[in-house]
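Coordinates in review
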Amino acid sequence: MAATDNTQNPAMEREGALTRFLRATEIDSRMLGMLGALLVIWVGFDLASAIVRGGDGLLGGTFLTPRNLWILLVQTSSIAVMTTGMVLIIVMRHIDLSVGSVLGFTAVCIGTMQVYWLGPALGVGHPAIWIITLILGLALGAAIGALHGTLIAYFGIPSFIVTLGGLIVWRGAAWSVIRGETVAPMDKNFKLIGGGISGITPGSIGATASWILGLIICAAIVALIYLGRQQRKRFNFTLKPVWAEVLLAVVGCAAVVGITWVLNAYYWPKGVVDRWALQTGAVVPPEGLNISFGYSIPVLIALFVGIAMTFVANRTRFGRYVYAIGGNPEAAELAGINTKKITLMVFSLMGMLAAISASISSARLDSATNALGQFDELYVIAAAVIGGTSLAGGLGTIYGAMLGALVMQSLQSGMTLLNFESATKDMVVGCVLVFAVFVDQVYQRRVK
Amino acid sequence: MTTHTHGHKHPTEVPRSSPPLIEMRDISIAFGGIKAVDHASVNLYPGEVVGLLGHNGAGKSTLIKILSGAYKRDHGDILINGAKVDITNPRDAKALGIETIYQTLALADNVDAAANLYLGRELRTRWGTLDDVAMEAECRQVMGRLNPNFRRFKEPVKALSGGQRQSVAIARAIHFNARILIMDEPTAALGPQETAQVGELIKQLKAEGIGIFLISHDIHDVFDLADRLTVMKNGRVVGTARTTDVDHDEVLGMIIAGKCPPGAIPGPGALQTASAAA
Ligand SMILES: Nc1ncnc2c1ncn2[C@@H]1O[C@H](COP(=O)(O)OP(=O)(O)O)[C@@H](O)[C@H]1O
Ligand SMILES: [Mg+2]
């Protein structure tokens, strides 16, 4: 620390400690703000629920319990997956209002294939069913997105109109496929995608695998920081101070360990343990058996999608072009970028992500209805915007949007715990969206 | 390289051994009812600087945007080294070695200087991912030549000053071994010192055999740097002259009144009475 204190530049001294800290660590101040907001929401709900009812949460409530946090993450995953695509769409100055309907339509198609076609044809529970229907579902979502993208890019119809049409059309199509009936139950392997327990097979990976995964992620964080530093050294660029790099690595790893610990602290309910003991012949000691859930499959899917989409956005040409087009479409065109093709690809990607969320949602509910995913488009857009994506285009991050999804879901879950009516919840969430954007704009103006 | 034979009193084309590097022949384009460019012809030889002059709205930017692939012409031909080429988009033009500094600079404001420098032709690692560090290293080198005081490599170009943004646009045009360089008002946002620097750069590029179209509102710049000049008015070419064959006042007459002096070859936009009087 002492070395950084001899500032030669008087302007540097005038900067606040926080500014200097953010500059050294290159942390996005908006992300800190979001994490702060999340903390306030979580603490607030735990305290509020402590007053209402009391529980075994961190602060005496029912919010900061392993069970609630585990469920919170599972509930976030569907919106979180879709919002990663919505970021790219909004960055490109487009919008996709159809994602909820596309989710519903692909879900009923997946359900129909499982229950009415492949189930009878291959035998119910056949191990190929989940993979075939998942692949076909993703292909269907991508094809729908490609259709939207073609109309927008090559026919010049505004994305707002195309996807508003899509919102109506695909919801109707979902109804037509199943005539308003509920398709259930989903394939027993497919069901695990939702994170629930199918028979005695949990849709999560358990304590040991969770710890291994956590350690791998920690190692990856350290390796990324180290390799980035080596790379910059090789080209003689200025380096972040060592303390900043170490701090980032430590905080990152601590967060991963903490999350892993919490998810592992949520145990199978007693009924499932008994059923499991009965079927496997295991002996349950009289004081009960703690079998951890650990990372659930939908959360792992969301995590994987988040990492993959961050990679796509930051490390590939495609991602670079998406941002460049959002910053200045004319300049991108003049630089020789095929902006139409990129537009088509982004919408196709969005469709595929909606299909992933369709799988998560229908697997979680163990059924598909034509109403599945209704209003999801609004939550997905809201998550992206709360996460710092600018509707003017050119600005937005994947992790920000995913954090935005977590903030929204935290509000919803917390209010549910406090027994708010769903109408009240809707009103609060709507107000929070407007307020978040207002705060962000005030902040942006002050930064300039 | 062509040798320039001086001392011609008559406005005849200098005989040259090779066809022009670029020839734009009888180019027209209309937006709605407006004929932005109307049967214009210009050409350019290797190692030559041709100044394009004219009032705002004369059609200069539109003409060169046809060459750079930004607009598709309604009529006319483009020839490179005597062979017709088909330029239908900016990629075609770049593939032919035509680089452009647009009047609007055409930068993606939300990404940094290196990303703009390499926009559309990013360096990649052997895994196919963006090699941002290598791009930044190259960018530091190029910008070091053009604008030694430039340090803001990490910021989106939106945060840069007008002159810095212009340096980024210039860097992008000269970094990829252009054969033909189009500069649309390249010094508009620059101070006197930076303008002089761009002048030096143009001389250096010219010495390397690159052909340059230089659009400028400053007649003095054009006389200093250009070998020939073409004046446009209302989308049409008033005339083309070697800078040694005309003087400032004559060129002002071309720009303002469309009057083609005896030292210039008249184009379709020249005042009829002027050519009759000559
Ligand atoms: N994209 C466009 N759409 C409609 N009109 C245009 C467009 N581009 C240029 N014009 C018109 O064409 C004429 C020539 O413009 P421009 O080439 O920019 O002139 P200059 O560069 O000589 O100032 C002007 O009347 C301008 O309004
Ligand atoms: Mg112009």
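The rules behind each value
Residues numbered from 1 in each chain as written. Chains lettered and ligands numbered in written order. Predicted model: local features only at pLDDT ≥ 70, side-chain atom pairs only at ≥ 80, totals over all residues. Heavy atoms only, no water. Axes fitted to C-alpha atoms, helices over the stretch in contact; angles between N-to-C directions. Helix = DSSP H or I, 4+ residues; strand = E, 2+ residues; numbered from the N terminus. Parallel < 35°, antiparallel > 145°, perpendicular 65-115°, else oblique. Contact = heavy atoms within 4.5 Å. Nonpolar A, V, L, I, M, F, W, Y, C, P; charged D, E, K, R; others polar. Domains from an automatic or database assignment. Buried area = accessible area lost by both parts, 1.4 Å probe. Salt bridge = Lys/Arg side-chain N within 4 Å of Asp/Glu carboxyl O. Polar contact = N/O pair within 3.5 Å; in protein donor to acceptor, adjacent residues only side chain to side chain. Near = heavy atom within 4 Å. Areas by Shrake-Rupley, 256 points an atom, 1.4 Å probe, with all protein chains shown as cover. Donors = N, O, S within 2.8 Å, 3.2 Å for Na, K, Ca; no water. Pairing = 2+ DSSP bridges. Core = buried A, V, L, I, M, F, W, Y, C linked by side-chain atoms within 4.5 Å. Buried < 20%, exposed > 50% of the residue type's maximum accessible area, 1.4 Å probe, protein only. Patch = residues over 30% accessible without salt bridge, like charges linked within 9 Å, V, L, I, M, F, W, Y side chains within 5 Å.

**Section: the packing of helix H6 (residues 99-122) of chain A against helix H16 (residues 376-386) of chain A**
Residue and element names in this part refer to chain A. With their axes 6 Å apart at the nearest point, H6 and H16 run at an angle of 130° to one another. In terms of their interaxial angle, H6 and H16 are classed as oblique. Residues Val99, Gly100, Ser101 and Leu103 of H6 form the contact with H16, whose participating residues are Asp376, Glu377 and Val380. Looking at the contact of H6 with H16 residue by residue, the class counts come to three nonpolar, two polar and two charged.

**Concerning the domain arrangement of chain A**
Residue and element names in this part refer to chain A. Here chain A is partitioned into domain 1 (44-204 + 296-447) and domain 2 (205-295). Relative placement of domain 1 and domain 2: their C-alpha centres are 24 Å apart. Contact with domain 1, which involves 15 residues of that partner, is made by 17 residues of domain 2. Around 1400 Å² of area is buried between domain 1 and domain 2 when both sides are counted, 80% of it from carbon and sulfur atoms.

**Points about the interface of chain A and chain B**
At the interface, 26 residues of chain A touch 29 residues of chain B. Of the roughly 2400 Å² buried at the junction of chain A and chain B (both faces included), carbon and sulfur atoms supply 58%. Considering only the side of chain A, the residues that lose the most area to chain B are Arg317, Arg320 and Leu334 of chain A, jointly responsible for 29% of the buried surface there. Summed over the shared surface of chain A and chain B, the result is five salt bridges. In this structure, the salt-bridge partner of glutamate 122 of chain B is arginine 317 of chain A, at a minimum N-O distance of 3.8 Å. For the pair chain A and chain B, the interface holds nine residue pairs in polar contact (both at pLDDT 80 or more).

**Details of the site of ligand 1**
Residues and elements named next belong to chain B. Around ligand 1, the structure places Phe31, Ala36, His55, Asn56, Gly57, Ala58, Gly59, Lys60, Ser61, Thr62 and Tyr71. Separating an oxygen atom of ligand 1 from a backbone N or O atom of glycine 57 is a distance of 2.7 Å. Between ligand 1 and threonine 62, the relevant distance is 2.5 Å, taken from an oxygen atom to a side-chain nitrogen or oxygen of the residue. The protein chains hide 64% of the 560 Å² of surface that ligand 1 would expose on its own. Looking at the shell around ligand 1, the element that brings in the most residues is helix H1 (residues 60-67), giving three residues. Per-class residue counts for the shell around ligand 1 are four nonpolar, six polar and one charged.

**Quick word on the coordination of the magnesium ion (ligand 2)**
Note on the magnesium ion (ligand 2): its protein donors are Ser61 of chain B (OG) and Gln103 of chain B (OE1). The metal-donor distances range over 2.0 to 2.1 Å. With serine 61 of chain B in helix H1 and glutamine 103 of chain B in the loop between strand E6 (98-101) and helix H3 (113-117), this pair connects stretches of sequence that are 42 residues apart.

**Examining the sheet that holds strand E7 (residues 180-184) of chain B**
Sheet strands pair by backbone hydrogen bonding; their relative direction is either parallel or antiparallel. All names here are of chain B. An order of E6-E7-E8-E3-E9-E10-E11 is seen for the seven strands of this open sheet, with the pairing classed as mixed. Two strands lie at the open edges of the sheet, namely E6 and strand E11 (265-266), each paired on one side alone. In this structure, E7 lies alongside strand E8 (residues 211-215), joined through five bridges in parallel fashion. What sits directly across from aspartate 184, in E8, is isoleucine 215. Each of strand E3 (49-53), E7 and E8 touches helix H6 (residues 192-207); the most contacted strand, E8, lies at about 150° to it.

**Thoughts on the nonpolar core**
Ranked by size, the top nonpolar core spans 72 residues in total, and within it Met82, Met86, Leu88, Val322, Ile337, Ile342 and Val346 of chain A carry the most contacts. Listed in part, the 51 residues of the second largest apolar core include Ala114, Ala169, Leu181 and Ile219 of chain B.

**Side note on a nonpolar patch on the surface**
Nonpolar side chains collect at one region of the surface, where Tyr154, Phe155, Ile157, Phe160, Ile161, Leu164 and Ile168 of chain A lie side by side and expose about 700 Å² of accessible area between them. Assignment of secondary structure puts isoleucine 157 of chain A in the loop between helix H7 (127-153) and helix H8 (159-178).

**Concerning the pattern of salt bridges**
Here the structure, examined in full by the defined rule, presents 20 salt bridges over all chains. In this structure, lysine 203 of chain B engages glutamate 200 of chain B in a salt bridge whose closest nitrogen and oxygen atoms are separated by 3.9 Å. Taken together, the residues lysine 203 of chain B and glutamate 200 of chain B, both in helix H6 and three residues apart, mark about one turn of the helix. Look at lysine 203 of chain B and you get partly exposed, because its relative accessible area is 42%. Shared partners join several salt bridges into a network, and the residues in it are Arg232 of chain A together with Glu136, Arg140 and Lys154 of chain B.

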